[in-house]
Amino acid sequence: MFIDTHTHLQSTEFDADRDQLISDCLGNEIWTVNIGTHFESSQQGVALAERYEDGVYATVGLHPDYASKYEFKKSEFENLIINSSK
């Protein structure tokens, strides 16, 4: 088994083939960790991870490149973590 520890499968670039890509990964025993770069992408990553019992996971956070563009609201990120099922 392999684990890709830094993916962004929640990104719009994967809208057309995301489900097939994830299916292919899981079928080849490749698990993924989707990295949130701001609150919205973190939400999307968590939602994606929650669709799968195993093999698709998410992190939440604000990447430094986005720090001047988005306000870091610690309580929103904490609630996202607390309320996720994984």
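My aim in this report is to walk through the structure given alongside it, one point at a time. Since we're looking at a predicted model, the values are computed, not measured.

Reading the values: rules and limits
- Residues numbered from 1 in each chain as written.
- Predicted model: local features only at pLDDT ≥ 70, side-chain atom pairs only at ≥ 80, totals over all residues.
- Heavy atoms only, no water.
- Pairing = 2+ DSSP bridges.
- Helix = DSSP H or I, 4+ residues; strand = E, 2+ residues; numbered from the N terminus.
- Axes fitted to C-alpha atoms, helices over the stretch in contact; angles between N-to-C directions.
- Contact = heavy atoms within 4.5 Å.
- Buried < 20%, exposed > 50% of the residue type's maximum accessible area, 1.4 Å probe, protein only.
- Polar contact = N/O pair within 3.5 Å; in protein donor to acceptor, adjacent residues only side chain to side chain.

**Some points on the sheet that holds strand 1 (residues 2-7)**
The strand order 1-2-3 describes an open sheet built from three strands, whose pairing is parallel. This sheet does not close on itself; its edge strands, each paired only once, are strand 1 and strand 3 (56-59). Across the sheet, the axes of successive neighbouring strands diverge by a mean angle of 20 degrees, strand direction being ignored. Sheet analysis places strand 2 (residues 30-35) next to strand 3, joined by four bridges and oriented parallel. Note on strand 3: the bridge partner recorded for Thr 32 is Val 56. Relative to the sheet, helix 2 (residues 39-50) contacts strand 2 and strand 3, its axis offset from that of strand 3 by approximately 155 degrees.

**Examining the side chain of Arg 18**
Note that Arg 18 resides in helix 1 (residues 18-27). We classify Arg 18 as buried; its relative accessible area is 14%. Polar contacts involving the side chain of Arg 18 include one to the main-chain carbonyl oxygen of Gln 10, which spans 3.4 Å. Looking at Arg 18, its side chain comes within polar contact range of the side chain of Asp 15, at 2.7 Å. For Arg 18, the contacting residues outside a window of four places in its chain are Leu 9, Gln 10, Ser 11, Thr 12 and Leu 48.

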